[in-house]
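Now for the letters of each chain:
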Amino acid sequence: MSEETKSEAGAGKRPVFLTVLCILSFIAAGFAIFGYITVITLMGAATAVTGAAMDAMEGMEGMEGMEAITSAGPSATMTWAYIAVGFLTTIVALIGVLKMWKLKKQGFMLYAGASVVSAIMGVVYSGFNVFGVVITAAFIVMYYLNVKHMS
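Residues numbered from 1 in each chain as written. Predicted model: local features only at pLDDT ≥ 70, side-chain atom pairs only at ≥ 80, totals over all residues. Heavy atoms only, no water.

Trainee: Describe the overall build of the protein chain, and please don't skip the residues or the numbers.
Mentor: Across its full length, the protein chain holds 6 helices and 0 strands. Taken from N to C terminus, the helices and strands of the protein chain fall in the order α-α-α-α-α-α. By residue count, 23% of the 151 residues in the protein chain fall in the buried class. Within the protein chain, residue pairs in contact and separated by at least 24 positions form 79% of the contacts whose partners lie at least 6 positions apart. (Helix = DSSP H or I, 4+ residues; strand = E, 2+ residues; numbered from the N terminus. Buried < 20%, exposed > 50% of the residue type's maximum accessible area, 1.4 Å probe, protein only. Contact = heavy atoms within 4.5 Å.)

Structure below.
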């Protein structure tokens, strides 16, 4: 009888390792969300300023150089797509972490899926980043080790 009581009491308890992982993920998601909101604000302002400058320079001589400058970096559409996908994957990963905090296996699937999409988007947009891929993979593996504690 004593064993049954102990196993039932421990069934809903979150392991310390999972708690630490979730807290680290909450902190990372908070920084990421703050960063994306800042970038969205700055990109909106930069787009407005650039558009106004281009309208003002329309018809002026020597615009060939300006076209070279504007086409040198990634397109604005690609940048906005990266920001939107990054922000969305951060929100989905955060929802996954919240579910894992509540010991739900579905949270692991959400987190892993969002993290993989985010890593792929990072590779597509800015090239292969060993550190980012290793950290993403490490967190997925560490969360996977805790799936047995989830229902």
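Trainee: Any chance you could break down the side chain of Thr90 for me, citing the residues and the numbers?
Mentor: Summarising the element assignment, Thr90 is placed in helix α4 (residues 76–101). Judged by relative accessible area, which is 12%, Thr90 ranks as buried. The contacts of Thr90, once residues within four sequence positions are left out, are Ala29, Ala32, Ile33 and Tyr36.

Trainee: Describe in detail the environment of Leu24, supporting the description with residues and values.
Mentor: Within the element layout of this structure, Leu24 appears in helix α2 (residues 16–57). Look at Leu24 and you get partly exposed, because its relative accessible area is 43%. Distance in space between the C-alpha atoms of Leu24 and Phe139 is 9.9 Å, their sequence separation being 115 residues.

Trainee: I'd like a description of the nonpolar core, backed by residues and values.
Mentor: With 16 residues, the main nonpolar core has Leu18, Cys22, Val97, Met100, Phe108, Tyr111 and Tyr143 as its most contacted residues. Those elements that provide at least two residues to this core are α2, α4, α5 (105–126) and α6 (130–144). The greatest single-element share of this core, amounting to 4 residues, is contributed by α5. When sequence neighbours within four positions are dropped, the list of residues in contact with Tyr111 reads Ser25, Ala93, Gly96, Val97, Met100, Phe139, Ile140 and Tyr143. (Core = buried A, V, L, I, M, F, W, Y, C linked by side-chain atoms within 4.5 Å.)

Trainee: Report on the confidence of the model for the protein chain, specifying residues and quantitative values.
Mentor: Of all residues in the protein chain, 75% have pLDDT values of 70 or greater, and the mean over the chain is 82. Mean pLDDT across the elements of the protein chain ranges from a minimum in helix α1 (residues 2–11), with 44, to a maximum in α6, with 94. Predicted confidence is poor over residues 1–10, with pLDDT under 50, and the contacts of this stretch with residues over four places away or in other chains come to 0 contacts. (pLDDT = per-residue confidence, 0-100.)

Trainee: So what's going on with the packing of α4 against α5? Residues and values would help.
Mentor: Geometrically, a packed helix pair is captured by the angle between its two axes and the distance between the axes. Where α4 meets α5, the closest approach of the two axes is 7 Å, and the angle between their N-to-C directions is 160°. Classified by the angle between their axes, α4 and α5 sit roughly antiparallel to one another. Where α4 crosses over α5, the two elements pack in a sense that is left-handed. Partitioning the contact of α4 with α5 into residue classes produces 17 nonpolar, 7 polar and 1 charged. (Axes fitted to C-alpha atoms, helices over the stretch in contact; angles between N-to-C directions. Parallel < 35°, antiparallel > 145°, perpendicular 65-115°, else oblique. Left-handed = near helix turned anticlockwise from the far one by under 90°. Nonpolar A, V, L, I, M, F, W, Y, C, P; charged D, E, K, R; others polar.)

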